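Below are the chains, spelled out letter by letter.
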Amino acid sequence: SYYCLASFLYRLKEYEEAANLASLAVTTRLGSGSEIAESSALHDYFLLVNALCWSKQFEEAKKHAAAWLELSGRVSGQTETYPAEIHLLQARIFEQLNNIGEAEQEFLTAVEIHNKAKSKNQTEAKGVYASYAEFLKRRGRDTEAEEIKAKASAIKAK
């Protein structure tokens, strides 16, 4: 119920209240001790971290994104590239906190995950490269950004 209410409030752009309810959803699910609940908590974390970002609570978002990443490593059944999405969000959080070195490292980690993936998802990979290119462009590193964009363009969608 917490997740459903949080999701509803998120859509209404009531991000702080959505974050509070998503946090309750995470706590409740993880406190249950159920493996199925842990898997569901991944969705709660997604909502929680995004709501925190929209409400500009980046330090809190960073903390929960780290816990989300740790949980994703424990929970089976996720695609091998699932953590890349968390790294992308962490990169954006670090960028908002003006921690550019860590932001770039998170982008590179997301790219590396996709490069090493056995089962390639070309659409996701293109998105990771495009996000990294935009980051480089915002940093005034246009030549590097164009190189990364070219790599993204070279990925053929299935």
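Reference entry: report on the structure contained in this document. (Residues numbered from 1 in each chain as written. Predicted model: local features only at pLDDT ≥ 70, side-chain atom pairs only at ≥ 80, totals over all residues. Heavy atoms only, no water.)

With that out of the way, let us pick up the packing of aromatic side chains. Evaluation of the coordinates by the stated rule reveals seven aromatic pairs. Consider the rings of Phe107 and Phe135, whose centres lie 4.8 Å apart with planes at 35°: the pair is tilted. In this pair, Phe107 is assigned in helix α6 (residues 100-116) and Phe135 in helix α7 (residues 122-138), connecting sequence segments 28 residues apart. Judged by relative accessible area, Phe135 falls into the buried class, the value being 0%. Ring pairs connect the aromatic residues Tyr10, Tyr15 and Trp54, which therefore count as one cluster. (Phe/Tyr/Trp six-rings, centres within 6.5 Å; stacked < 30°, edge-to-face > 60°. Helix = DSSP H or I, 4+ residues; strand = E, 2+ residues; numbered from the N terminus. Buried < 20%, exposed > 50% of the residue type's maximum accessible area, 1.4 Å probe, protein only.)

This paragraph deals with the packing of helix α5 (residues 82-96) against α7. Helices that pack against each other are described as a pair by the angle of their axes relative to one another and the distance between those axes. Closest axis-to-axis distance for the α5/α7 pair is 11 Å, and the angle between their directions is 15°. Accordingly, the angle class assigned to the pair α5 and α7 is roughly parallel. At the point where α5 passes α7, the crossing takes the left-handed sense. Contact with α5, carried on its side by Glu85, Leu88, Arg92 and Glu95, involves Glu124, Val128, Ser131, Phe135 and Arg138 of α7 and no other residues of that element. The residue inventory of the contact of α5 with α7, partitioned by class, reads three nonpolar, one polar and five charged. (Axes fitted to C-alpha atoms, helices over the stretch in contact; angles between N-to-C directions. Parallel < 35°, antiparallel > 145°, perpendicular 65-115°, else oblique. Left-handed = near helix turned anticlockwise from the far one by under 90°. Contact = heavy atoms within 4.5 Å. Nonpolar A, V, L, I, M, F, W, Y, C, P; charged D, E, K, R; others polar.)

Along its 13 residues, helix α8 (residues 142-154) runs 18 Å from first to last C-alpha, staying within 8% of the 18 Å computed at 1.5 Å per residue. Taken together, the buried positions of α8 are Ala145, Ile148 and Ala152. For α8, the angular spread of the buried residues around the axis is 65°, confining them to a single face. Away from the buried face of α8 by more than 90 degrees, exposed residues Thr143, Ser153 and Ala154 are located. Contacts made by the buried residues of α8 are with α7. (Expected span 1.5 Å × (residues − 1). Arc of directions from axis to C-beta.)

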